[in-house]
Structures are given as C-alpha cells and as structure tokens.
Amino acid sequence: MTPAQKTTLDQFYAGATAQDASMIRPLLTDDFTFKAPMMNFDEPDAYIAHLIGFCGHVKDSRHIAQGENVVHVFTLVAQMPDGEKEMEMCDIFTFKGDKILRQELYTDSKQFPEEAA
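Residues numbered from 1 in each chain as written. Predicted model: local features only at pLDDT ≥ 70, side-chain atom pairs only at ≥ 80, totals over all residues. Heavy atoms only, no water.

Trainee: Just to check I follow, could you spell out the environment of Asp91 for this structure?
Mentor: Mapping Asp91 onto the fold places it in strand β5 (residues 83–96). You can call Asp91 buried: its relative accessible area is 3%. Distance from Asp91 to Thr7, taken between C-alpha atoms, is 16 Å for residues 84 residues apart in sequence. A distance of 3.2 Å separates the side chain of Asp91 from the side chain of Gln103, its partner in a polar contact. (Helix = DSSP H or I, 4+ residues; strand = E, 2+ residues; numbered from the N terminus. Buried < 20%, exposed > 50% of the residue type's maximum accessible area, 1.4 Å probe, protein only. Polar contact = N/O pair within 3.5 Å; in protein donor to acceptor, adjacent residues only side chain to side chain.)

Shown next, in the form of structure tokens:
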C-alpha cells in the first residue's frame with residue numbers, strides 16, 4: 001500500500017468514526033461508486049449520507065495492496081437493537097491517484113439479523 005493510499009484510508013475511517021461527511025467527501029472521486037450485497041450507490045454524496053447514519057466501527061484490520069487496489073479485511077462491530085454484533089467483511093478499494101474511485105464490499109449476508117436484511 002502506498003503512503004498516499006494509507007493516508008486516504010486512515011482519513012476515511014476517521015471520518016466514518018467521527019460521523020463527519022466533510023472529512024470523507026474530499027477522499028472520494030466525483031464518479032465514486034459503492035457496491036455491496038444489500039445496497040449500491042453510484043454517487044458519493046448519497047453513500048456518505050448512508051455511511052454517516054451507520055452505527056458501527058471497524059476492528060482487526062488487515063490490508064493487501066496491489067497497484068491501485070487495496071483489499072481491507074476486517075471485523076465490523078455494529079450496534080443492533082439487541083446489542084453489538086460482529087461481522088466479518090472485506091472491502092476492495094480502487095484508487096484513482098490518492099482518492100477512492102470505487103469501494104466493493106463483500107460479506108456473507110447471513111451474518112445480518114433478519115430485520116436488517
């Protein structure tokens with residue numbers, strides 16, 4: 001992972017943890033897309049609005065980088081109505097320069113409670 005990619009991802013997760021859209025938006029390209037099993041966003045501001053409303057944090061991060069792609073394997077700790085739930089996930093970030101062009105989330109949707117699915 002390049003130093004610029006690491007800085008961008010560190011700032012991205014800091015902004016998500018702080019629930020601060022102004023920290024996240026400058027890190028995404030104008031044509032940013034997000035793809036996941038349960039949702040897709042083709043526009044950065046809609047994705048950020050969703051991300052800011054999410055109650056959870058990341059732990060146990062591991063990164064694998066190759067060129068413009070950085071794979072992030074992690075455990076998401078989400079606040080659910082019946083308490084915290086841990087879910088194993090994997091993001092693939094594609095960079096364009098030092099900004100995030102695409103984020104693809106992979107997870108087993110069976111990990112989610114029925115009311116979230």
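Trainee: For this particular structure, what's the right way to read the side chain of Thr75?
Mentor: As for its position among the elements, Thr75 is in strand β4 (residues 69–80). On the basis of relative accessible area, Thr75 is assigned to the buried category, the value being 4%. A distance of 3.0 Å separates polar atoms of two side chains, one belonging to Thr75 and the other to Glu88. Once residues lying within four places of it in the same chain are set aside, the contact partners of Thr75 are His57, Val58, Lys59, Asp60, Glu86, Met87 and Glu88. (Contact = heavy atoms within 4.5 Å.)

In short, geometric facts, not functional conclusions.
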